[in-house]
Amino acid sequence: MSRRVVGVTLDNLENLSKHSRTCVFWELAPHLKEQAEEFGDTEFEKEAWVSSVLLEWGSCGRIVYCDGIPAGSVFYAPPAAVPRSLAFPTSPVSADAVLITSLEVLPEFRGTGLARVLVQAVAKDLTRRGVKAVEAFGDNQPDPDKPSCVIPADFLLQVGFKTLRPHPRWPRLRLELRSASSWKEDVEAALERLLDSVTVSTAKPIAEPQFRPV
């Protein structure tokens, strides 16, 4: 099975699942979300949000393809661009973090590690952009039979997130991202320790003088 992860753009939004394409749980404040669902066009609202974040901040999502078939997606953005983030009892998101909002893998592709691949893709992108950490609101009581815009807390813990602010239903979790510069410094320090512990002599040994008995 070949896997390919690409950034979300306005040209590939149509490759998202219907749920991801129309869910505006994070993108709109609660009362505006209800209005959009009842009277508006949620797909248009989602596209407008993606367009705005792409323009003002940059890449805000990833799509994973398996053998050319769209299999899942993830979205992320600065907390200021995510109105719903202020409505959680464990808010606000830390000022130095980017928020992962939603992550979805289609049912037929679940259990293949694609959700982890998507989180790794987000971490790689944000590390390259100098972001210190990523946070997410988790759901401690997810319904496996219903699509959700909140990521199960158990999954976040499995991929390395730590609980930052606990809650019976909506904990906030955090994953520290190591910058490329700190990684380089760690590697250089490890090499120095290795060289200090192993002494290699490149000089020719000096021959001991030969004494003949008189």
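Residues numbered from 1 in each chain as written. Predicted model: local features only at pLDDT ≥ 70, side-chain atom pairs only at ≥ 80, totals over all residues. Heavy atoms only, no water.

## Brief notes about the side chain of arginine 172
Along the chain, arginine 172 turns up in strand β8 (residues 172-176). At 2.7 Å, the side chain of arginine 172 forms a polar contact with the backbone oxygen of threonine 90. Beyond its immediate sequence surroundings of up to four residues, arginine 172 is in contact with Thr90, Ser91, Pro92, Val93, Ser94, Glu135, Ala136, Phe137, Lys162, Thr163, Leu164 and Arg165. (Helix = DSSP H or I, 4+ residues; strand = E, 2+ residues; numbered from the N terminus. Polar contact = N/O pair within 3.5 Å; in protein donor to acceptor, adjacent residues only side chain to side chain. Contact = heavy atoms within 4.5 Å.)

## Considerations on the nonpolar core
Counting 29 residues, the largest nonpolar core has Ile100, Leu103, Leu126, Phe155 and Phe161 as its most contacted members. For this core, the elements supplying multiple residues, two or more each, are β2 (61-66), β3 (69-77), β4 (97-105), α4 (114-128), β5 (133-139), α5 (153-158) and β8. The element best represented in this core is α4, accounting for seven residues. With residues near it in sequence (within four places) discarded, phenylalanine 161 still touches Ile100, Val119, Val134, Glu135, Ala136, Leu156, Leu173, Arg174 and Leu175. Formed by 24 residues, the second largest nonpolar core is a distinct cluster that contains Leu16, Phe25, Val53 and Cys60. (Core = buried A, V, L, I, M, F, W, Y, C linked by side-chain atoms within 4.5 Å. Buried < 20%, exposed > 50% of the residue type's maximum accessible area, 1.4 Å probe, protein only.)

## Remarks on the pattern of salt bridges
Within the structure shown, the criterion is met by 12 salt bridges. For arginine 174, the salt bridge identified is with aspartate 96, shortest N-O distance 2.9 Å. Of this pair, arginine 174 sits in strand β8 while aspartate 96 sits in the loop between β3 and β4, and the two are 78 residues apart along the sequence. Given a relative accessible area of 11%, arginine 174 falls into the buried group. Of the charged contacts, one joins arginine 172 and glutamate 135 as a salt bridge, the two residues approaching to 2.9 Å between their closest N and O atoms. A residue pair is termed long-range when its members are at least 10 positions apart, and arginine 172 in strand β8 and glutamate 135 in strand β5 qualify at 37 residues. With relative accessibility at 0%, the residue glutamate 135 sits in the buried group. (Salt bridge = Lys/Arg side-chain N within 4 Å of Asp/Glu carboxyl O.)

## Here we look at the packing of aromatic side chains
Counted according to the given criterion, the structure contains eight aromatic pairs. Ring geometry for phenylalanine 88 and phenylalanine 137: centres 4.4 Å apart, planes at 15°, overall stacked. One end of the pair, phenylalanine 88, is in the loop between β3 and β4; the other, phenylalanine 137, is in strand β5, with 49 residues separating them in the sequence. Relative accessible area serves as the criterion here: at 7%, phenylalanine 88 is assigned to the buried category. For phenylalanine 137, a relative accessible area of 0% gives the class buried. An aromatic cluster of at least three residues, connected via ring pairs, comprises Phe25, Trp26, Phe88, Phe137 and Trp170. The lysine or arginine in question, arginine 4, covers the ring of tyrosine 65, its NZ or CZ lying 4.7 Å from the ring centre. Just above the ring of phenylalanine 25 sits the side chain of arginine 84; from NZ or CZ to the centre is 4.0 Å. (Phe/Tyr/Trp six-rings, centres within 6.5 Å; stacked < 30°, edge-to-face > 60°. Lys NZ or Arg CZ within 6 Å of the ring centre and 35° of its normal.)

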